[in-house]
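Coordinate inspection notes
Here is how the chains run, residue by residue.
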Amino acid sequence: MTTAAAHPDFSATPQSGAQRLAANLPRLREDRGLSQADLAHALGWTLATIAAIEAGGGAELTLAEIDALCLVLEATPLALFAPVV
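Heads up: these notes are all about the structure in this document.

What counts, and at which threshold
Residues numbered from 1 in each chain as written. Predicted model: local features only at pLDDT ≥ 70, side-chain atom pairs only at ≥ 80, totals over all residues. Heavy atoms only, no water. Helix = DSSP H or I, 4+ residues; strand = E, 2+ residues; numbered from the N terminus. Buried < 20%, exposed > 50% of the residue type's maximum accessible area, 1.4 Å probe, protein only. Core = buried A, V, L, I, M, F, W, Y, C linked by side-chain atoms within 4.5 Å.

So, about the environment of Glu60. With respect to the element layout, Glu60 can be found in the loop between α3 (47-54) and α4 (63-73). Here Glu60 falls in the exposed class, since its relative accessible area comes to 78%. Separated by 42 residues in the primary sequence, Glu60 and Ala18 have C-alpha atoms spaced 8.3 Å apart.

This is the structure in structure tokens:
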């Protein structure tokens, strides 16, 4: 008998999506050797937008914008929004 793959328990962490993104984005960006300015340029966004997202002041991102972040960072949406413990 096979069991379903385990999924992260998002209910255990009360963080909002914006808080999770704010915590994970700098690490993912820095792991790729990108500055905020580099990431903004690669996405065609403003530096202020990247800074606001990383500060948790979060813009409401569309699915297309999340997809663009994932492509540039070579990351999955789960990596962007993973609970921070």
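This is not the end of the story, as more comes after the structure.
On to the environment of Pro77. Structurally, the position occupied by Pro77 is in helix α5 (residues 77-81). Each C-alpha atom of the pair Pro77 and Ile66 lies 7.2 Å from the other, and the pair is eleven residues apart in sequence.

Core analysis: the biggest nonpolar cluster contains 15 residues, and Leu25, Leu39, Leu69, Leu73 and Leu80 have the highest contact counts within it. Among the secondary structure elements, those contributing two or more residues to this core are α1 (17-31), α2 (36-43), α3 and α4. Residue contributions to this core peak at four residues, all from α4.

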